[in-house]
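Fold and contact review
Now for the letters of each chain:
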Amino acid sequence: MDHFELRNGELYAEDVPMARIAEEFGTPVYIYSRATLERHARVFREALASLGKIHLAFAVKSNPNLAVLRVMQREGFGADVVSGGEMARALAAGMPAENIVFSGVGKTRREMLAGLEAGIGQFNIESEEEGVELAQLAEETGHTANCALRVNPDIDAGTHEKISTGKRDNKFGVPIDQAVAMYLRLASLPGLNMRGIAVHIGSQLSDLRPLELAFEKVGALLDQIRHNGGTVTHIDLGGGLGVPYKAGEVMPSPAEYGHMVARVTRGWDVTLMFEPGRVIAGNAGVLLTEVVRVKRNANRDPFVIVDAAMNDLARPALYGAWHDFDAVKPSGNRMTANIVGPICETGDTFAMGREMDAVERGDLAIFRTAGAYGATMASSYNSRGFVAEVMVDGDKVASVADRILPEEIYAAERVPDWLND
Ligand code: LLP
């Protein structure tokens, strides 16, 4: 469910006509709906209401915009971060440090120190080496780091291979069959307060079964650690719930997910932690774009060339991902076309042979479900700068990220003197 709908033949973002947003802010532009973000946050929380003690950490990587984080903070969410930059954003958005969880296989010493000094709630450790380093650093600096050990349950999440994280060959977590001993070794280190287990097997999961299998394995591990004298008070079940990208597509609902979690975790007696990203932000954002021109080649589908490109929305180029494409003022006519951006490589293709609203030069259209892993994955390839982001709230609209021009990016570049001789 979202708040990007047709009213009297034109698309609105909540109560704001998208055409007005294009006029005021230019295109391409990401549009986020506060109402949709809040709705998704509440639906997710309600789905887990029967679970007792829970901690919700929004996966900042899915949409790190400060205004989006602020909405999540107001909804009582903490943050799941994977870099010093994400941690700084979560803090800047007003999230209390103790509600921040720091994941990631490559935390640097500097990032660990920043986390310790800020007093973040939990480090999710992804290797024994990392745990030992963190313990030393914490001891040296007079801190105690609350930690969970992220395990790799060797389960195929059944999603795109580039966003699967729970197979043995993936870089994430420690092998689950070595986790008991490792957990107990780490728990004996001064500087660490080993308190939990974390798991996250992948993203855009369309089936709950792999998650259930992973959680069952975590439950067995919990028993073994406790049986061997270890203490576990927190279990972080990660994120991963898929969202519909195509109109009519059906995904497991947060409620179904909640029931599954309740069933598997019965009797665990821990605080359950969650790191949802896409399920909150995905359908809360669209990318508004203008058709630059329609290129018609005889005997082939036409190319609809839009002013957004793979640098602005990378998912189709990276994962072959589908994003619904709808005209802002649909005429009722349909066409079959290839939707491409202006970038000089064939990978800059949003869709091939797409049955879609007929559009012409100058028409506005949106890519839907662009609120997660959209703007955050942008690059400035082809020196295109970074697109603006706006948020709507009822009939209000505000810039939440200014467009960054190519000139502003190359202002940070230097030509050394010795090239000016
Ligand atoms: N927790 C951890 C440890 C993660 O690695 C991720 C996502 C999440 C939580 C949030 O997962 P979500 O609930 O959003 O599925 N760029 C890709 C997605 C990469 C996801 C990476 N990790 C895409 O555009 O599909």
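Shown above is the structure to which this text applies.
Below is a short write-up of the structure. Keep in mind that this is a model prediction, so the values were computed, not measured. (Residues numbered from 1 in each chain as written. Predicted model: local features only at pLDDT ≥ 70, side-chain atom pairs only at ≥ 80, totals over all residues. Heavy atoms only, no water.)

1. Overview of the packing of helix H7 (residues 179-187) against helix H8 (residues 209-227)
- Axis separation between H7 and H8 bottoms out at 10 Å; the angle between their running directions is 50°. With respect to each other, H7 and H8 are oriented oblique. Here the hand of the crossing between H7 and H8 comes out right-handed. Facing Ala-179, Val-180, Tyr-183 and Leu-184 of H7, the residues of H8 in contact are Leu-221, Gln-224 and Ile-225.
- Its residues assigned to classes, the contact of H7 with H8 shows 6 nonpolar, 1 polar and no charged. (Axes fitted to C-alpha atoms, helices over the stretch in contact; angles between N-to-C directions. Helix = DSSP H or I, 4+ residues; strand = E, 2+ residues; numbered from the N terminus. Parallel < 35°, antiparallel > 145°, perpendicular 65-115°, else oblique. Left-handed = near helix turned anticlockwise from the far one by under 90°. Contact = heavy atoms within 4.5 Å. Nonpolar A, V, L, I, M, F, W, Y, C, P; charged D, E, K, R; others polar.)

2. A closer look at H8
- The end-to-end C-alpha distance of H8 is 27 Å, a good match for the 27 Å that 19 residues give at a rise of 1.5 Å each.
- For H8, the full list of buried residues reads Pro-210, Leu-211, Glu-212, Ala-214, Phe-215, Val-218, Gly-219, Leu-221, Leu-222 and Ile-225.
- Looking at the buried positions of H8, the neighbouring elements they touch are strand S9 (145-152), H7, strand S11 (192-198), strand S12 (234-236) and helix H9 (254-265).
- In the segment just after H8, Gly-229 is the residue with positive phi, at about 90°. (Expected span 1.5 Å × (residues − 1). Buried < 20%, exposed > 50% of the residue type's maximum accessible area, 1.4 Å probe, protein only.)

3. Describing the site of the ligand
- By nearness alone, 18 residues border the ligand, and Ser-203, Glu-275, Arg-315, Tyr-319 and Tyr-373 come closest of all.
- A distance of 3.4 Å is found between an oxygen atom of the ligand and a side-chain nitrogen or oxygen belonging to Lys-61.
- With respect to the ligand, the backbone of Gly-277 contributes an N or O atom lying 3.0 Å from an oxygen atom.
- Within the complex, the protein chains bury 92% of what would otherwise be the 590 Å² of accessible surface of the ligand.
- Residue classes in the shell around the ligand are distributed as 6 nonpolar, 6 polar and 6 charged.
- Split by domain, the shell around the ligand shows at least three residues from each of two domains, domain 1 (4-31 + 282-410) and domain 2 (104-274). (Near = heavy atom within 4 Å. Polar contact = N/O pair within 3.5 Å; in protein donor to acceptor, adjacent residues only side chain to side chain. Areas by Shrake-Rupley, 256 points an atom, 1.4 Å probe, with all protein chains shown as cover. Domains from an automatic or database assignment.)

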